[in-house]
Every structure is written in structure tokens, then in C-alpha cells.
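# Residue-level structural notes
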Amino acid sequence: MDKYRIDSHKLIYHVDRVSAWLSGRLIYPIYTEIATAGTCNHRCTYCALDYMGYQHRFLDKTVLMDRLREMAGLGVRSVMFAGEGEPLLHKDIAEIINHTKDVGIDVAITTNGVVLTPGLSRRILRSVTWIKVSINGGTPETYSRIHRCNPEDFDRVIHNIAEAVRFKRQNNIPCTIGMQIVLLPENCGEVTTLAERARAIGVDYLVVKPYSQHHLSHTTLYKDFRYSDYLHLGEELRRFNSADFQVIFRERTMKKWDDGRRNYERCLALPFWAYIDAGGCVWGCSAYLGDERFLYGNIYENTFKEIWEGERRLRSLRWVENELDTSNCRVNCRMDEINRYLWELRHPSEHVNFI
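Here goes a summary of the coordinates provided. Please read these numbers as outputs of a predicted model, since none were measured by experiment.

Here the focus is empty space enclosed by the protein. Counted according to the given criterion, the structure contains one cavity of 30 Å³ or more. Of the voids in this model, the largest cavity is the one considered here, and its volume is about 40 Å³. In the lining of the largest cavity, the residues fall into one nonpolar, two polar and five charged.

What the ten strands build is an open sheet, ordered β7-β6-β5-β4-β3-β2-β1-β8-β9-β10; its pairing is mixed. Edge positions in the open sheet fall to β7 (246-249) and β10 (295-298), since each of these has one partner strand only. Adjacent strand axes in the sheet meet at a mean angle of 20 degrees, parallel and antiparallel pairs treated alike. Relative to strand β4 (residues 130-134), strand β3 (residues 106-111) runs parallel, the two being bridged by four bridges.

Attention now moves to the environment of Gln180. The residue Gln180 is located in strand β5 (residues 176-183) in this model. Using a relative accessible area of 9% as the deciding quantity, one classes Gln180 as buried. Counting along the chain gives 15 residues from Gln180 to Ala195, while the straight-line C-alpha distance between them is 10.0 Å.

Criteria and cut-off values
- Residues numbered from 1 in each chain as written.
- Predicted model: local features only at pLDDT ≥ 70, side-chain atom pairs only at ≥ 80, totals over all residues.
- Heavy atoms only, no water.
- 1 Å grid on protein atoms, 1.4 Å probe; cavity = no way out; pocket = protein on both sides within 12 Å on 5 of 7 lines; lining within 4 Å.
- Points joined across faces, edges and corners; volume = space filled by probe spheres on them.
- Nonpolar A, V, L, I, M, F, W, Y, C, P; charged D, E, K, R; others polar.
- Pairing = 2+ DSSP bridges.
- Helix = DSSP H or I, 4+ residues; strand = E, 2+ residues; numbered from the N terminus.
- Axes fitted to C-alpha atoms, helices over the stretch in contact; angles between N-to-C directions.
- Buried < 20%, exposed > 50% of the residue type's maximum accessible area, 1.4 Å probe, protein only.

Geometric values such as these leave the question of function open.
Following this line, the structure appears as C-alpha cells:
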């Protein structure tokens, strides 16, 4: 059960964009991740972007909103507000979210939920397609050790989620509200506890996902962690599934973490997405933030069209497609499933006409 295809990909629903790419035509990204804030109110032990330094910087509202309107006209279909910091810390986040939806772009949010107050939920939920709250423990004690925060944040986040669910139901808002836990040695005994809590407060799903080591991260606590010893949890968690609630146990991704192999030799996915950091830089890959070879430009200096059609991005794509060694890339990167799909399209197996 994974009706949201979280453990797979959704590029199969964008045949026109894929067809244009296969024909060698210029395409604009379907999806963009935007970091409205560089700073964060937590310091999670597994944080992949700790090397960015949690910089106290925020995207300029006016510039961002202008670029979002332009991006909608260019064919960008969705934006996830997440990134190297906590996106909801931006003082104008509600206005930014509502504007994004108003210009015709679907909105998602990944957040730790601490500042997802009932007041903020009432302002934004009608504009949001889905919101996912990262909560990596089933008790305040474990949660605070992993998030490296005050234990009181656990109950605050649970309350905020419950109030968002209540407001959603009272007003028949079609926003999907989910929770997510990164399965770690410290919290593996509390996943069922969190599943019980999640179902009780009425969220739509709980995702149980594996850790993914970032090659630049200062965190190396879990690089030797093996998920084969924890796959039995998937069967235990199925008992929580119902018509209204799912536990999405990302077994496929966990097995890929243990195996480490890819079916593709080159990264092909970058034309389909983009990342904008809290300083306005547009990157081809969120796993290489800070690496100039993946930097396309900056939204403070150029329009998104100028950046996307510029020589810097085209030069980066040529280097990635011809020289980047994907064996050095992050296991289970965000574009892994899409790369597997695109590689197969470019390198089909035999007898493909016998459908």
C-alpha cells in the first residue's frame, strides 16, 4: 500500500515532458524544491545538510514571488518548501505559500512542525496539496535526542498536527497531512508507538524511511547501519493500515541502502527538477549544494528563464551526463527512482515491443 507512490516515482504521469526530453528538446522542471530559510530550530543527528551551516538567511519575498509567477508560466507544476533550514521560519511563509498556489503551482511542505501553529494552519492549508512533518521518535526523550531539541517540542508538534487535522476535517480541505520518521538505531523500538499516535490523531499516513548518508555531511553516525535487520517491522506495521490511514514502510529504498547498487551509470534526472537555496542560488542537485559545477545561477541576478536556458546550466548538464561518476553519489538520492526509469528508457531491454 503506497497510493502516493512515495517509495517509487511519479514521472510516469508526465509523458509529454519525458517525450520532449527524449527528443532532445529544452524542458523546464516539473518540480522545484525551495528553501525559504537557511536556519533551523533543530539540529537533527541525521541531518544531511549540516555542512551548510544553518545560515541565518531568508529568501526575499518579493523576488521569490516574482520568480514563482514566472516559473508557473514556464511549466513548473509543483514546489516543495523544505531545504537546508526549516521553511516555516520565514516570516512571510503564509503569503508565499498562498501566492504559489494562486499562480497555479501545487504546494507541498516538509517541516519539523514546531511552528506549524493552529493559526498558521488556518492560513495555509487551503493552498497546500500535502504537508509532511518529520518526527523521529515515539517519545519525547528519544525525539529530543535525535532532533537535539527541547523534549517539550514533541508534544507541541503532536498538538500542532492534531489541530491541523481538525481544521482540515472541519472545513473539508483536501490537503494530505502526513508524518515521517527516519528509521535509526535509537528509534527503531518506537516506530509502532509513533504509528499508534499518528493514527489516533488522524493523519493520512506515516512514512518510515531509511537514512541516507550525504558525502559532505559532518554526520557519520549511521553510515554502517544495515536495514536488513529491521525489515520485519514492515509486517508489524501493516496492522495499522485502514481505509483512512497508511504506514508506508519504504522497504524498497531500505534494500537499496543495504545493496548500494544502481542500474544507471549516469544521472539523467536533472532537467526535470531544480533546487533553490535560501540565498537564491539555483542548483541542479541538492546533494551537491556548494559545488560550483552544479550551480546554474541566482534568482536575485537573473530571471528563472535566463538561468534555465543559460550556458552555465547547459555546461553543467553536459558535465553531469558525460563525466559525473554516480557511484560517488548519495545512495537513495531524491532522483534515484527517476534515474532508474530514465536509464531504462534510454537503454531498453530486448523484446520491448512484446508488451
